[in-house]
6 protein chains.
Amino acid sequence: MRPSKRAADEMRSVTLERGYSRHAEGSCLVKFGETHVLCTASLEERVPPWLRGQNRGWVTAEYGMLPRATGERMRREATAGKQSGRTQEIQRLIGRSLRAVVNLEALGERQITVDCDVIQADGGTRTASITGAWVALNDCLSWMKARDMVRDNVLTDHIAAISCGIYAGTPVIDLDYLEDSDAETDANFVMTGAGGIVEIQGTAEGAPFSRDEFNSLLDLASAGITRLVDLQKMAIS
Amino acid sequence: MRPSKRAADEMRSVTLERGYSRHAEGSCLVKFGETHVLCTASLEERVPPWLRGQNRGWVTAEYGMLPRATGERMRREATAGKQSGRTQEIQRLIGRSLRAVVNLEALGERQITVDCDVIQADGGTRTASITGAWVALNDCLSWMKARDMVRDNVLTDHIAAISCGIYAGTPVIDLDYLEDSDAETDANFVMTGAGGIVEIQGTAEGAPFSRDEFNSLLDLASAGITRLVDLQKMAIS
Amino acid sequence: MRPSKRAADEMRSVTLERGYSRHAEGSCLVKFGETHVLCTASLEERVPPWLRGQNRGWVTAEYGMLPRATGERMRREATAGKQSGRTQEIQRLIGRSLRAVVNLEALGERQITVDCDVIQADGGTRTASITGAWVALNDCLSWMKARDMVRDNVLTDHIAAISCGIYAGTPVIDLDYLEDSDAETDANFVMTGAGGIVEIQGTAEGAPFSRDEFNSLLDLASAGITRLVDLQKMAIS
Amino acid sequence: MRPSKRAADEMRSVTLERGYSRHAEGSCLVKFGETHVLCTASLEERVPPWLRGQNRGWVTAEYGMLPRATGERMRREATAGKQSGRTQEIQRLIGRSLRAVVNLEALGERQITVDCDVIQADGGTRTASITGAWVALNDCLSWMKARDMVRDNVLTDHIAAISCGIYAGTPVIDLDYLEDSDAETDANFVMTGAGGIVEIQGTAEGAPFSRDEFNSLLDLASAGITRLVDLQKMAIS
Amino acid sequence: MRPSKRAADEMRSVTLERGYSRHAEGSCLVKFGETHVLCTASLEERVPPWLRGQNRGWVTAEYGMLPRATGERMRREATAGKQSGRTQEIQRLIGRSLRAVVNLEALGERQITVDCDVIQADGGTRTASITGAWVALNDCLSWMKARDMVRDNVLTDHIAAISCGIYAGTPVIDLDYLEDSDAETDANFVMTGAGGIVEIQGTAEGAPFSRDEFNSLLDLASAGITRLVDLQKMAIS
Amino acid sequence: MRPSKRAADEMRSVTLERGYSRHAEGSCLVKFGETHVLCTASLEERVPPWLRGQNRGWVTAEYGMLPRATGERMRREATAGKQSGRTQEIQRLIGRSLRAVVNLEALGERQITVDCDVIQADGGTRTASITGAWVALNDCLSWMKARDMVRDNVLTDHIAAISCGIYAGTPVIDLDYLEDSDAETDANFVMTGAGGIVEIQGTAEGAPFSRDEFNSLLDLASAGITRLVDLQKMAIS
């Protein structure tokens, strides 16, 4: 029995609220249960220095947590003077995941920065971020299309992410904080709407895991991401 | 005529939503029109090193803005590696304002940190922060009282804040971003429920202002803060 | 009775020594009693990036304290790796105050940086800084006029500053360190030669203050600043 | 045909040179072809603050590259003032991987830091680091055993790592820099001597990859890591 | 002919003004011509962590320049976020030089920090700093003796410093900025009252120098330092 | 008797291994006994901003130590967030020393950065660095000559360095760590192939030293550097 009382293959309630920010070109407040992340997509008419003059754009991401998004208050990174290794790891993952479904040539020499800020955390902030970031990015591109800045071909597919893990010997999907703290194995999967795998990160927290165990996590993830992509489709329709 | 079409002495719609965060001991999402700030109060059972062993507590504040809280995306302070001078000025002001109505001896050797994070900005983020921070702090103290950690005497009064300014020659209250950008004079007032003044900050943005002009700003502020304190009372009742 | 034995409306002995630095285009060693600040004005033939190409100049200020300017040695900010919030607050105030009496268009596309470095501190370093900075700035502009770089119309008025506070229940002017540490209310006023108000910063250190109390501080400040402006006039004549 | 002319399942020549450093308690210069990493294990008789008093030790890792380990000189991180996100990601991975085969209770309240410094880079620096770090750690523990500080049970298994990828449509093992730059998919695997999986990181650099493709990478990795563990056994015998 | 019109063996006018700071336990404003350095000695009743419990004290130094001490304004190190390599080199030299004549056991478990802040620079700031720092340190120790904190034996000798260089082919003493900029060789000497050498730093700015040339610089320095020590004796008597 | 059992004028075994790095334009692994430093010379087709457009090049150096190059592990400077004062002092010395024998005009508008990274330390890392850096620089220039980028006249002479000190009352050459820790006086000498002096740094660690003592150190150094230059000549022939 999971602490959340959910079935092994049952995700938390997921909502995707578009247009949460009045300023951003695209935005989405994504909730995976009690994990709430505000994703905003910001357009800039210039690219990083190393990309200039190549007729290609760039999509990048930044990630942050409000200090009291967590059970215990965490030190504000702006006060600490730098982003933690964990923060950098996550924002690099979000950026890579989004770029996997973006045609950077079709974007033109512009940059879109997707900020994922965790308002409240209860496990799975990186997978919620990726799933919501796609919606914010999609809305930013719609905003650009409405102004004839780009055509339909910038976004090549959906992208969504889910965590799976082995909890008390059983493979389960979408771990909340309590489950995550006790899981023996923790894995994050990023996949496209077409079912292609973009990123796999699996870590043994306790004992090493076997190939069979890993395959059962991948099974759960495939089903979950299909469901998340459906929710994205409903949200943007 | 103000760009916001409000009367000179008309504040924006103000809401104070308590309990917004599931983790924090006290929290409040405060809205002054389109300015939205999440205030959380976090309790720690220890005080800063310079205060140890004095049987007194401490209340402090930190302030931040999400990168796309503003019309143009601002660089994340965690990436820049430090808080800006403006950020530090504001969080010092919030902390001082709260401490003006806290009996630090009655708090005991503990620290409460109130984080004010601007989710969306449209002028007046510091005054909204102070007004909402008081509610979060009050709820944190109620949480402590329910656990017999403190008595009723920690908070000695309400505290709230409002901006006033001279716009197109006329003294007006609660400037939004558009009004603030064009105001000749900009002033922030922090006052207690009993009407005592805790902080005055007045700045001539264009021409210097006269004593009479300053007095009319103070008149507007007194009335506005009375109204804000009423809203706080309703919110916590 | 004030610890300094001064009357309530009696400022410390103030001196303004011009040309203290052989290198700077303008300089002034200002003393408010035992508070000594060296102000130097440095001219650069370029403006900050955000101001380029607008045919306007910029005046800015930086503030620092020698480590043993104070009763106890303070950590050098260059060693700490950053300026404190207090330092940034003060240098922003000095810069704003000076710009209130500068015609930036008449200055041309140049920047003047006024450095205010506290050699010895005994309260009131920010007000001494502003008062002395105006003299250094004025001399820098005279230096430029002598080289036909600008005309007479860059500086539109004098600017000077003084602190007032409520000490042992009595409003007093120009608090030294001892008085400042015990004052219930502390306020800084920046005013022009014509009597216009440029900046007001009032803070209740203990109990909140009333409007009447604040008005008596403003009375003291007006008289004090008139006297400081007279001293500036004598110094530059 | 791979640029390296190696067969798809052919690793580069791997050497593990123990005792390279005269100062460290354990050390190993590991070479995967032209990728050379110096691993040193340093023992300290204290643990990080958050672990004190728990009768457990800690194993951690740090990673660095000499500025000209790469084809183009990279900026020294000590000059840049911080470790890059990539560096932090890699050193966290090395540390996690080592801890997966360490009995921290048996280590006692001590810390071992394994430094992995890349002398020369040609792809696969993180997998070479993990493979060599295990040898340095093993020698450090032998050094401790010889002094009766620990018993035989600290290290529970071998740990080694290898990269696999899809190059020109074919799954290949142990990519060098040239192959890595052009690979469509890049994956790193960390496994124990017993064949348990400790970490999987797979990333689509170009098109998403399928589950079948991923399985063929896992096949290659399993065989490769078996070979690396054999080399470790030979090295320490 | 030197630009300064001084004879080859003629130092600038040197003054040592004691008691310049009202707060510091010892202080000295030292002038070598137009080079002015304020030296303050600050006593702390604790030593750095690595020295605790050894019944010995520590003497250290910090060095800084006001931004407009020089002909062109230099960026403030507190703004840059760190001390330059040059600053660190100089303050390490000052500290080493002072410690060469201090009996750290006789000082007891205390630290004296001598701050050398350059108010105005015209070459030779490090040698002026060392020469003035000794006076400030001596006064700090007198202050301590007057309070029975130490005895007479802490300071074992005088210490002073002078620069010499080869200018236009001729060995000269005490170079000012103009001479220093054009000198082929630049050397700094630190010597005790008894004539012992504590530090020699010689650098060829243009062509390498010969042993004979170096010996003539050392001759000049010996005479100059004898003179500086006489001035120190007069200053403290 | 020296701890190393070497005669007073006997250097450690010195080797200069060229071409250690496959990527750098020039490289040399230099060993002074157990002190091992990897020197790489990296060519860039641009100069620092302050040198642009002057038809001159630049040669600079950076220095680092692997964390466990020393007997006790030292904190990684990339983690500490800055280079120590000692590191900066050494890299400035290496750069100055190399530039003393480089014709920067003949180099053209390019920069060569020589990185000196200490793989293992046993005293004398700065002198080994300078001696090895010259070989790496020479090979970088040969690489450029082979591509007709420069002619023969860039390097005007050899440069090498050695430390001398007074150990147990006797002047000795090339101190290892143990000797250096106990030496009364420590001096570093940098000289050209023609015997010209480029840099002298002498420091009294205990009692001040006399002129005679210093002369005997200089005698030892001259002989030692002649020997090092011979070794450089053999290495590059």
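Values in this document were obtained by computation on a predicted structure and should not be read as measured data.

1. As for the packing of helix α2 (residues 85-99) of chain E against helix α2 (residues 85-99) of chain F
Then, in step 1: The geometry of α2(E) relative to α2(F) is characterised by a closest axis approach of 9 Å and an angle of 110° between their N-to-C directions. Considering their axes alone, α2(E) and α2(F) lie roughly perpendicular with respect to each other. Mapping the contact onto sequence places Gly85(E), Arg86(E), Gln88(E), Glu89(E) and Arg92(E) in α2(E) and Gly85(F), Arg86(F), Gln88(F), Glu89(F), Arg92(F) and Arg96(F) in α2(F).

2. What about the UniProt feature "domain: Exoribonuclease phosphorolytic" (unreviewed entry) in chain A?
Residue and element names in this part refer to chain A.
Then, in step 1: Those places that UniProt annotates as "domain: Exoribonuclease phosphorolytic" (unreviewed entry) correspond, in this numbering, to residues 10-140 and 159-223.
Then, in step 2: Helix and strand shares over residues 10-140 are 30% and 31% respectively, and the end C-alpha atoms of the span are 31 Å apart.
Then, in step 3: A distance of 14 Å separates the end C-alpha atoms of residues 159-223, which is 29% helix and 45% strand.

3. Focus on the packing of aromatic side chains
Then, in step 1: Counted by the stated rule, this structure contains 21 aromatic pairs over all chains.
Then, in step 2: Look at Trp50(C) and Trp58(C): their rings are 4.8 Å apart centre to centre, the planes differ by 85°, and that puts the pair in the edge-to-face class.
Then, in step 3: Ring centres of Phe189(F) and Phe214(F) lie 5.9 Å apart, and the angle between their planes is 40°; on these two criteria the pair is classed as tilted. Of this pair, Phe189(F) sits in strand β8 (residues 185-192) while Phe214(F) is found in helix α6 (residues 211-236), placing the two residues 25 residues apart along the sequence.
Then, in step 4: With relative accessibility at 0%, the residue Phe189(F) sits in the buried group.

4. Digging into the sheet that holds strand β9 (residues 197-204) of chain F
Then, in step 1: Sheet architecture is open: eight strands sit in the order β7(E)-β6(E)-β8(E)-β9(E)-β9(F)-β8(F)-β6(F)-β7(F), paired in antiparallel fashion. For this open sheet the edge positions go to β7 (170-173) of chain E together with β7 (170-173) of chain F, each flanked by a neighbour on one side alone. Neighbour-to-neighbour, the strand axes of the sheet open up by a mean angle of 15°, direction not taken into account.
Then, in step 2: In the sheet, strand β8 (residues 185-192) of chain E pairs with strand β9 (residues 197-204) of chain E via seven bridges, with the strands oriented antiparallel. The residue bridging Thr185(E) from the neighbouring strand is Ala204(E), located in β9(E).
Then, in step 3: Together, β6 (159-167), β7, β8 and β9 of chain E together with β9 of chain F form the strand contacts of helix α6 (residues 211-236) of chain E, whose direction differs from that of β6(E) by roughly 145°.

5. Looking at the side chain of Thr131(D)
All names here are of chain D.
Then, in step 1: Here Thr 131 shows up in helix α4 (residues 125-146).
Then, in step 2: In terms of polar contacts, Thr 131 uses its side chain to reach the backbone carbonyl oxygen of Thr 127, at 2.9 Å.
Then, in step 3: From its side chain, Thr 131 meets the backbone nitrogen of Ala 161 in a polar contact 3.3 Å long.
Then, in step 4: Contact partners of Thr 131, with chain neighbours within four places excluded, come to Leu 16, Phe 32, Ile 159, Ala 160, Ala 161, Leu 228 and Gln 232.

6. Focus: the relation of the copies chain F and chain D
Then, in step 1: When chain F is brought onto chain D, the operation consists of a screw motion whose angular component is 180° and whose axial shift is 0.0 Å, with 0.0 Å RMSD remaining. The relationship between the two copies is best expressed as a two-fold rotation axis.
Then, in step 2: A share of 100% of the interface residues of chain F reappears at the interface of chain D, consistent with the copies meeting face to face through the same patch.

7. Details of the UniProt feature "binding site: phosphate" (unreviewed entry) in chain A
Then, in step 1: The residues that UniProt annotates with the feature "binding site: phosphate" (unreviewed entry) are Arg86(A), Gly124(A), Thr125(A) and Arg126(A). Spatial clustering of the annotated residues is evident: they stretch over 41 residues in sequence, but the largest pairwise C-alpha distance comes to 13.3 Å.
Then, in step 2: With respect to the secondary-structure elements, Arg86(A) resides in helix α2 (residues 85-99).
Then, in step 3: Arg86(A) gets classed as partly exposed once you look at its relative accessible area, which sits at 29%.
Then, in step 4: Ignoring sequence-local partners within four residues, the contact set of Arg86(A) consists of Tyr63(A), Met65(A), Thr125(A) and Arg92(D).
Then, in step 5: A distance of 3.3 Å separates the side chain of Arg86(A) from the side chain of Tyr63(A), its partner in a polar contact.
Then, in step 6: Excluding residues that lie within four positions of it along the chain, Arg126(A) makes contacts with Ile90(A), Leu93(A), Asn188(A) and Gln201(A).

8. A short note on the interface of chain D and chain A
Then, in step 1: In this complex, chain D contributes 27 residues to the contact, which on the side of chain A involves 27 residues.
Then, in step 2: Buried area between chain D and chain A, both sides added, is near 2400 Å², and the carbon and sulfur share of it is 48%.
Then, in step 3: Contact with chain A buries surface across chain D, with Glu89(D), Ile197(D) and Arg211(D) losing the most and accounting together for 26% of the total.
Then, in step 4: Between chain D and chain A we count four salt bridges in total.
Then, in step 5: The shortest N-O distance in the salt bridge between Arg92(D) and Glu89(A) comes to 2.7 Å.
Then, in step 6: In this structure, the connection of chain D to chain A is made through 16 residue pairs in polar contact (both at pLDDT 80 or more).
Then, in step 7: Contributing elements (two or more residues each) for the side of chain D that touches chain A: α2 (85-99), β9 (197-204) and α6 (211-236) of chain D.
Then, in step 8: Considering each element in turn, the side of chain D that touches chain A owes the most residues, eight residues, to β9(D).
Then, in step 9: When the residues that make up the side of chain D that touches chain A are grouped by side-chain class, the tally is eight nonpolar, 12 polar and seven charged.

9. Some thoughts on the pattern of salt bridges
Then, in step 1: Counted under the stated rule, the structure contains 121 salt bridges over all chains.
Then, in step 2: Here Asp174(C) ties to Arg6(C) by a salt bridge, and the two come within 3.8 Å at their closest N and O atoms. One end of the pair, Asp174(C), is in the loop between β7 (170-173) and α5 (177-182); the other, Arg6(C), is in the segment before β1 (14-18), and 168 residues separate them in sequence. Considered together, Asp174(C) and Arg6(C) belong to a single accessibility category, that of buried residues.
Then, in step 3: Here the salt bridges do not stand alone but share partners, grouping Arg2(D), Arg6(D), Arg12(D), Asp122(D), Asp174(D), Asp176(D) and Glu179(D) into one network.

10. Concerning the nonpolar core
Then, in step 1: Core analysis: the biggest nonpolar cluster contains 441 residues, and Ile112(A), Ile112(B), Ile112(C), Ile112(D), Ile112(E) and Ile112(F) have the highest contact counts within it.
Then, in step 2: Excluding its chain neighbours within four sequence positions, the residues that come into contact with Ile112(E) are Ala41(E), Ser42(E), Leu43(E), Trp58(E), Val59(E), Thr60(E), Leu107(E), Leu137(E), Cys140(E), Leu141(E) and Met144(E).

11. Let's talk about the environment of Pro208(E)
Then, in step 1: You can see Pro208(E) is positioned in the loop between β9 and α6.
Then, in step 2: Sequence spacing of Pro208(E) and Ala194(E) is 14 residues, and the spatial spacing of their C-alpha atoms is 31 Å.
Then, in step 3: Leaving out residues up to four positions away in the same chain, Pro208(E) has contacts with Glu213(E), Thr192(F), Gly196(F), Ile197(F) and Val198(F).

12. Quick word on the pairing of β7(E)
Residues and elements named next belong to chain E.
Then, in step 1: For β6 and β7, the ladder comprises four bridges, and the chain directions are antiparallel. By the bridge assignment, Tyr 167 is partnered in β7 with Thr 170.
Then, in step 2: Remark: two residues form the turn of the hairpin made by β6 and β7, two consecutive strands paired antiparallel; Ala 168 in that turn has positive phi of roughly 50°.

13. A short note on the relation of the copies chain D and chain A
Then, in step 1: Relative to chain A, chain D is turned by 180° and slid 0.0 Å along the rotation axis, the superposed coordinates differing by an RMSD of 0.0 Å.
Then, in step 2: With an isologous cut-off of 70% or more, the 100% of interface residues of chain D that recur at the interface of chain A puts this contact in the isologous class.

14. Brief notes about the interface of chain F and chain D
Then, in step 1: At the junction of the two partners, chain F supplies 37 residues and chain D supplies 37 residues.
Then, in step 2: Surface buried jointly by chain F and chain D totals about 2700 Å² across both partners, of which 47% is contributed by carbon and sulfur atoms.
Then, in step 3: Interface area lost by chain F to chain D is led by His23(F), Arg68(F) and Arg76(F), which between them contribute 25%.
Then, in step 4: Between chain F and chain D we count 14 salt bridges in total.
Then, in step 5: A salt bridge links Asp115(F) to Arg73(D), with the shortest nitrogen-to-oxygen separation between them at 2.6 Å.
Then, in step 6: Taken together, chain F and chain D are joined by 24 residue pairs in polar contact (both at pLDDT 80 or more).
Then, in step 7: Broken down by secondary-structure element, the contributors of at least two residues to the side of chain F that touches chain D are β3 (35-44), β4 (58-65), α1 (77-80) and β5 (111-120) of chain F.
Then, in step 8: For the side of chain F that touches chain D, the element with the most residues is β5(F), which contributes six residues.
Then, in step 9: Grouping the amino acids of the side of chain F that touches chain D by side-chain chemistry returns 13 nonpolar, 12 polar and 12 charged.

Rules and cut-offs
Residues numbered from 1 in each chain as written. Chains lettered and ligands numbered in written order. Predicted model: local features only at pLDDT ≥ 70, side-chain atom pairs only at ≥ 80, totals over all residues. Heavy atoms only, no water. Axes fitted to C-alpha atoms, helices over the stretch in contact; angles between N-to-C directions. Helix = DSSP H or I, 4+ residues; strand = E, 2+ residues; numbered from the N terminus. Parallel < 35°, antiparallel > 145°, perpendicular 65-115°, else oblique. Contact = heavy atoms within 4.5 Å. UniProt positions renumbered as here; feature names shortened; annotations may be inferred. Phe/Tyr/Trp six-rings, centres within 6.5 Å; stacked < 30°, edge-to-face > 60°. Buried < 20%, exposed > 50% of the residue type's maximum accessible area, 1.4 Å probe, protein only. Pairing = 2+ DSSP bridges. Polar contact = N/O pair within 3.5 Å; in protein donor to acceptor, adjacent residues only side chain to side chain. Least-squares fit on C-alpha atoms with pLDDT ≥ 70 in both. Buried area = accessible area lost by both parts, 1.4 Å probe. Salt bridge = Lys/Arg side-chain N within 4 Å of Asp/Glu carboxyl O. Nonpolar A, V, L, I, M, F, W, Y, C, P; charged D, E, K, R; others polar. Core = buried A, V, L, I, M, F, W, Y, C linked by side-chain atoms within 4.5 Å.

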